[in-house]
Amino acid sequence: QNMSQYLQCAVGSKCNILVAGGTGSGKTTLLNALSSFIPSSERILTIEDSAELRLQQRHVVRLETRPPNIEGKGEISIRDLVKNALRMRPDRIVVGEVRSVEVLDMIQAMNTGHEGSMTTVHANTADDAVTRVVTMLGMAGTKLTEAMMLQMIARAIHLIVFVNRQSDGTRRLSAVAEVNGIRDGQVELHHVYQYEQWGVNAQGQVEGGFTSSGRSLLLERFMAHGLPLHPSCLQ
């Protein structure tokens with residue numbers, strides 16, 4: 001309940017959120033759940049390979065990629081859609097998944113006033129997600145140095161939410177980490193919530209519990225948007 005309240009404040013205060021996790025861990029399902037916190041007055045653009053998001057708001061524009069035809073022509077990629085989405089007056093952009101060069105346009109959109117954007121990425125941990133985004137930025141063919149890429153990521157993304165499929169098959173939101181700028185040449189993450197596994201019981205079910213750091217770097221942002229987070233949510 002505390003984590004839910006925190007994430008509701010994060011979405012409501014237009015934090016840029018990156019949902020990370022492995023294949024089949026529930027990234028798109030979580031992205032769908034987070035999208036439900038977006039106010040119905042906002043205009044939302046969704047960009048996907050195949051339409052999986054089910055947003056219930058009034059102003060939703062759904063964009064979907066198109067594969068090339070038999071002659072190899074007519075392809076519309078996620079990168080094309082992200083570029084065009086910026087001209088369609090969106091309040092928020094929700095990308096189903098970034099897996100290649102389109103991450104550059106997504107990061108630039110987050111850095112140029114399109115706050116509250118959300119997307120998913122394949123990664124094994126929250127820290128791994130940053131490395132994955134840097135790798136994809138390198139694939140975009142730009143001449144950016146690694147330091148410049150890290151600066152772009154640190155300024156664009158406010159929150160990384162990591163979901164995990166555990167050994168007993170349960171899918172769990174395992175970590176909520178805030179991006180705390182650059183330190184010693186790396187993007188520093190502050191883990192607000194984290195799931196710690198204690199072991200496995202006789203039935204093969206994973207046992208563990210959530211821990212909280214007790215503080216958040218985004219409290220002032222929440223307050224500025226009229227969404228104060230109760231201190232008990234960080235205990």
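Source: prediction; values computed, not measured.

Draft legend 1. Expanded view of the pattern of salt bridges. Applying the stated criterion across every chain, the model contains six salt bridges. One salt bridge in this structure joins glutamate 42 and arginine 92, with 2.5 Å as the shortest N-O distance. Here glutamate 42 is found in the loop between helix H2 (27–35) and strand E2 (44–48), whereas its partner arginine 92 is found in strand E4 (residues 92–95), with 50 residues between them in sequence. You'll find glutamate 42 and arginine 92 in the same group, each marked buried. Ionic pairing is found between aspartate 49 and arginine 99, a salt bridge with its closest N-O pair at 2.3 Å. Placement of aspartate 49 in the loop between E2 and strand E3 (60–64) and of arginine 99 in the loop between E4 and helix H4 (102–111) is noted, with a sequence separation of 50 residues between them.

Draft legend 2. Just unusual backbone geometry, in detail. For lysine 14, which is not a glycine, the phi torsion comes out positive at approximately 60°. Positive phi outside glycine occurs at aspartate 184, with the angle close to 55°. Relative to the assigned elements, aspartate 184 resides in the loop between strand E7 (171–183) and strand E8 (186–200). The class for aspartate 184 is exposed, based on a relative accessible area of 75%.

Draft legend 3. The arrangement of H4 in detail. Within H4, eight of the 10 residues are buried, leaving the element largely enclosed by the surrounding structure. Where H4 is concerned, the buried positions are Glu102, Val103, Leu104, Asp105, Met106, Ile107, Ala109 and Met110. Buried residues along H4 sit in contact with helix H3 (78–85), E4, strand E5 (118–122), helix H5 (126–139) and helix H6 (146–156). Downstream of H4 by a residue or two, glycine 113 has a phi angle that is positive, lying close to 100°.

Draft legend 4. Focus on the environment of arginine 99. With relative accessibility at 38%, the residue arginine 99 sits in the partly exposed group. With 23 residues separating them in the primary sequence, arginine 99 and histidine 122 have C-alpha atoms 7.6 Å apart. When near neighbours in sequence (up to four residues on either side) are disregarded, arginine 99 contacts Asp49, Arg132 and Met136.

Draft legend 5. Region of the structure containing the packing of aromatic side chains. Across all of its chains, the model carries three aromatic pairs by this definition. An angle of 75° between the planes, with centres 5.6 Å apart, marks the rings of tyrosine 6 and tyrosine 193 as edge-to-face. Residue tyrosine 6 is found in helix H1 (residues 2–12), and its partner tyrosine 193 is found in strand E8; the two are separated by 187 residues along the sequence. One exposure class covers both tyrosine 6 and tyrosine 193, and it is buried. Sitting above the plane of the tyrosine 195 ring, arginine 172 keeps its charged end 4.4 Å from the centroid.

Procedures and definitions
Residues numbered from 1 in each chain as written. Predicted model: local features only at pLDDT ≥ 70, side-chain atom pairs only at ≥ 80, totals over all residues. Heavy atoms only, no water. Salt bridge = Lys/Arg side-chain N within 4 Å of Asp/Glu carboxyl O. Helix = DSSP H or I, 4+ residues; strand = E, 2+ residues; numbered from the N terminus. Buried < 20%, exposed > 50% of the residue type's maximum accessible area, 1.4 Å probe, protein only. Contact = heavy atoms within 4.5 Å. Phe/Tyr/Trp six-rings, centres within 6.5 Å; stacked < 30°, edge-to-face > 60°. Lys NZ or Arg CZ within 6 Å of the ring centre and 35° of its normal.

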